[in-house]
Amino acid sequence: MNKITITVDGPYVVQGAMPLTHQHIVTNAQGESVSWRQGKDVAVPTTGNYALCRCGQSANKPFCDGAHQRIGFDGTETASREPYDVQAEHIEGPTLVLDDAQTLCAFARFCDPKGQVWRLVLESDQPAVARLVEQQVGDCPGGRLRVRQRAQSPSGGHTVEPHFEPSIGLVQDTVKGVSGPLWVRGGVEVLSAEGSAYEVRNRVALCRCGASNNKPFCDGSHASSGFNDGN
Ligand code: FES
């Protein structure tokens, strides 16, 4: 069973031997985020269980070395527990609906190229634009953005999501010179420190710099704090 358990003011405990890889944001000549490049694998214990640093201060990143105790890390979880559908605003285009829960922004900026997805979705009756929106939204690591086929009924519509095997990415934002969150993919259960489960989603970004104001999720603070894991 793949699972990530948050510990009180301590690390993420990972169960299930999920692959752990560096994931680099690839930019174009203008410095815009356009795709992901998988980097090197990080060997994980064969037991299948390991602890990943959440405070950002481990000398053995991405793994925990107990630094959270030395620095008195406050890992209080402050994120909303409302379902994504309740948190999100909905922007309706002609064939697609863009859902946007701003507090989950991990500052990866895949939404920006070609005029930004919020404008592009309004032109989603053009097939090439619709595919671009689906790609840009699917690359959003924190799942702030989601896209759906527009339904005839107001109750929903088929969600367009990339397929991911359960896995964890260590985000590297080279153009900004910083490291980013844990990119948790493939519908992995995340349990809070007090034992309740967060909504299971295909893409979530967990803070590993210690600076997020929306713990356990990344809020982009790694960029302003200059977090760098040395990779
Ligand atoms: S890793 Fe993004 S805010 Fe901490």
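Since the structure is predicted, the reported quantities are computational estimates derived from the model, not experimental observations.

> What should I look at first to understand the nonpolar core in this one?
A general tendency of soluble globular proteins is for nonpolar side chains to be buried together. Of all hydrophobic cores here, the largest spans 28 residues; its most connected members are I4, L52 and I168. I168 has contacts with I4, V14, M18, P19, L20, T21, Y50, L52, L182, W183 and R185, leaving out every residue within four places of it along the chain. Within the second largest apolar cluster, 15 residues are counted, among which are L96, L120, V121 and L132.

> What is the right way to look at the environment of G138 in this model?
When you line up the elements, G138 lands in helix α4 (residues 127-138). The contacts of G138, once residues within four sequence positions are left out, are P162, F164 and R203.

> Can you help me understand the domain arrangement of the protein in this one?
It is common to give the size of an interface as the accessible area lost on bringing the parts into contact. Splitting the protein by domain gives domain 1 (3-79 + 164-225) and domain 2 (86-160). Averaged C-alpha coordinates put domain 1 and domain 2 at centres separated by 24 Å. In total, about 1600 Å² of surface goes out of reach between domain 1 and domain 2, with carbon and sulfur atoms giving 52% of it. Ranking the residues of domain 1 by area buried against domain 2 places S33, W36 and R203 at the top, with a combined share of 35%. Between D173 and R109 there is a salt bridge; the shortest N-O distance is 2.9 Å. Counting the contacts that link domain 1 with domain 2 gives 10 residue pairs in polar contact (both at pLDDT 80 or more). Contributing elements (two or more residues each) for the side of domain 1 that touches domain 2: β4 (33-42), β11 (178-185), β13 (203-206) and α5 (221-225). Among the elements that line the side of domain 1 that touches domain 2, the one with the most residues is β4, at 4 residues. Taken together, the residues that form the side of domain 1 that touches domain 2 break down as 12 nonpolar, 5 polar and 6 charged.

Cut-off values and rules
Residues numbered from 1 in each chain as written. Predicted model: local features only at pLDDT ≥ 70, side-chain atom pairs only at ≥ 80, totals over all residues. Heavy atoms only, no water. Core = buried A, V, L, I, M, F, W, Y, C linked by side-chain atoms within 4.5 Å. Buried < 20%, exposed > 50% of the residue type's maximum accessible area, 1.4 Å probe, protein only. Contact = heavy atoms within 4.5 Å. Helix = DSSP H or I, 4+ residues; strand = E, 2+ residues; numbered from the N terminus. Domains from an automatic or database assignment. Buried area = accessible area lost by both parts, 1.4 Å probe. Salt bridge = Lys/Arg side-chain N within 4 Å of Asp/Glu carboxyl O. Polar contact = N/O pair within 3.5 Å; in protein donor to acceptor, adjacent residues only side chain to side chain. Nonpolar A, V, L, I, M, F, W, Y, C, P; charged D, E, K, R; others polar.

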